[in-house]
Amino acid sequence: MNQGKSVYSKGIIIAVFSEVLFGLSFIFIRMCVNDVSVFTLLSWRTIVAFFAMTICAVLGIIKIDLKGKNLKPLLLLSFFQPVLYFIMETLGVQRTTAAESGVLLACIPIITMLFSAVFLRDKPTKLQIACMIVTVAGAVMIGMGGELTTSSSFLGYLFLLVAMCSESAYAITSQNIKGFNSAEKTYAMIVSGAVVFTGCALVEHAMNGTVVEFLTLPLHNSGFLVCILYLSLGCNLIAFLCANYSISIIGATKRAAFASIASVTSVLGGVFYLGETFTKTQIIATVLVLAGVYGVNRFGKNGEE
């Protein structure tokens, strides 16, 4: 029983850690997103993550053994995240306002809870539902950042909806996949992302005649290199590795509640690193997020395990 509690607590700590890493990523993305295209950024962060994780596997730091295994579940997992999610998120964000995209993406935990109930028969308790709503409400307040302006872009909303469903599908697929450890799941995601996003980036730069610039970008842009090192090692490798592990321990629904911590971390990062203002609304939103996250895990069916 004590061992079970210890493992569960470990899963929670790792879930929090992964979301803090994801939250800090917004600072680094802001530093370079105006200088390079989306596919350039996604390509380099997955390429570096691929080489780093391959080296770790060769040195025996992490265990990856895919020989003789049916890889179809990993392909499905990788399709949902990062391939479909990042593409749909990018297309949606481009067509909507920052507030709209922030509010809609903040609702991912609700969709994950619904998906878990339908596909995994993991029905949440009434208190869990209430606490999840509190968490999402806090994340929505953070996402709005002020008053909510609208773009009235049906296509943008549709892309964001697909992105939300894709992220939720990734979470329940990761929980449901058996026979693969967290490192193998993460490696498949990184490889798939590197292949798809690098292919898109090469086509993009070939059309613009800037392939050489793309291939040598980190060598002559130190700021971009710093961003890529964090996004690839901190997010694509470590954060997703932790995310897959925590899902296997505490489940998709409870893990989804922690997603709002990334929003809080992003706000705090902006306050302490970028000198942004921490408003009263954001303080209230942060309290709601933390209270809701605690409640989702405290009042779950297996919260006592």
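Residues numbered from 1 in each chain as written. Predicted model: local features only at pLDDT ≥ 70, side-chain atom pairs only at ≥ 80, totals over all residues. Heavy atoms only, no water.

Caption draft 1: Seen up close, the overall build of the protein chain. Tallying secondary structure elements over the protein chain gives 13 helices and zero strands in all. The order of α-helices and β-strands along the protein chain, N terminus first, is α-α-α-α-α-α-α-α-α-α-α-α-α. Here the protein chain has a C-alpha radius of gyration of 19 Å; the compact-globule value for 305 residues is 19 Å, and the two agree. For the protein chain, the C-alpha atoms occupy an extent of roughly 55 × 55 × 35 Å along the three principal directions. In the protein chain, buried positions account for 49% of the 305 residues. About 14,700 Å² of surface is accessible on the protein chain, with carbon and sulfur atoms providing 69% of the total. In the protein chain, the 19 positive side-chain charges and the 14 negative ones have mean positions that sit 13 Å from each other. (Helix = DSSP H or I, 4+ residues; strand = E, 2+ residues; numbered from the N terminus. Rg over C-alpha atoms; globule rule 2.2 N^0.38 Å. Buried < 20%, exposed > 50% of the residue type's maximum accessible area, 1.4 Å probe, protein only. Areas by Shrake-Rupley, 256 points an atom, 1.4 Å probe, with all protein chains shown as cover. Lys, Arg positive; Asp, Glu negative; His and termini not counted. Charge placed at Lys NZ, Arg CZ, Asp CG, Glu CD.)

Caption draft 2: A look at the confidence of the model for the protein chain. Model confidence for the protein chain is summarised by a mean pLDDT of 88, while 93% of its residues fall at 70 or above. When the elements of the protein chain are averaged for pLDDT, helix α4 (residues 98-105) gives the smallest value, 75, and helix α8 (residues 182-208) the largest, 97. (pLDDT = per-residue confidence, 0-100.)

Caption draft 3: Region of the structure containing the pattern of salt bridges. According to the stated counting rule, one finds two salt bridges in the structure shown. Between E19 and R255 there is a salt bridge, with the nearest N and O atoms lying 2.8 Å from each other. With E19 in helix α1 (residues 2-32) and R255 in helix α11 (residues 252-257), this pair connects stretches of sequence that are 236 residues apart. Taking the relative accessible area as the measure of exposure, E19 reaches 6% and is therefore buried. Overall, the relative accessible area of 7% leaves R255 in the buried class. K69 serves as the salt-bridge partner of E184, at 3.2 Å between the closest nitrogen and oxygen. (Salt bridge = Lys/Arg side-chain N within 4 Å of Asp/Glu carboxyl O.)

Caption draft 4: Highlighting the nonpolar core. Core analysis: the largest hydrophobic core is formed by 49 residues, its most contacted members being L41, W44, Y170 and F224. Contributions of two or more residues to this core are made by α1, α2 (38-58), α3 (72-95), α5 (108-119), α7 (154-176), α8, α9 (211-220) and α10 (222-250). Those residues in contact with L41, other than ones at most four positions away along the chain, are I29, C32, V36, F224, I228 and L231. Among the nonpolar cores identified, the runner-up in size contains twelve residues, and I261, V264, V267 and V289 belong to it. (Core = buried A, V, L, I, M, F, W, Y, C linked by side-chain atoms within 4.5 Å. Contact = heavy atoms within 4.5 Å.)

Caption draft 5: Summary view of the packing of aromatic side chains. In the structure shown here, the tally under the stated rule is eleven aromatic pairs. Between F39 and F197, the ring centres sit 6.4 Å apart and the planes meet at 35°, which makes this aromatic pair tilted. Pair noted here: F39 is in helix α2 and F197 is in helix α8, with a separation of 158 residues, a long-range link. By relative accessible area, F39 is classed as partly exposed at 25%. Ring geometry for F115 against F119: centres 5.6 Å apart, planes inclined by 80°, an arrangement best described as edge-to-face. Of this pair, F115 and F119 are both found in helix α5, four residues apart, which corresponds to roughly one turn of the helix. Here F119 falls in the exposed class, since its relative accessible area comes to 56%. (Phe/Tyr/Trp six-rings, centres within 6.5 Å; stacked < 30°, edge-to-face > 60°.)

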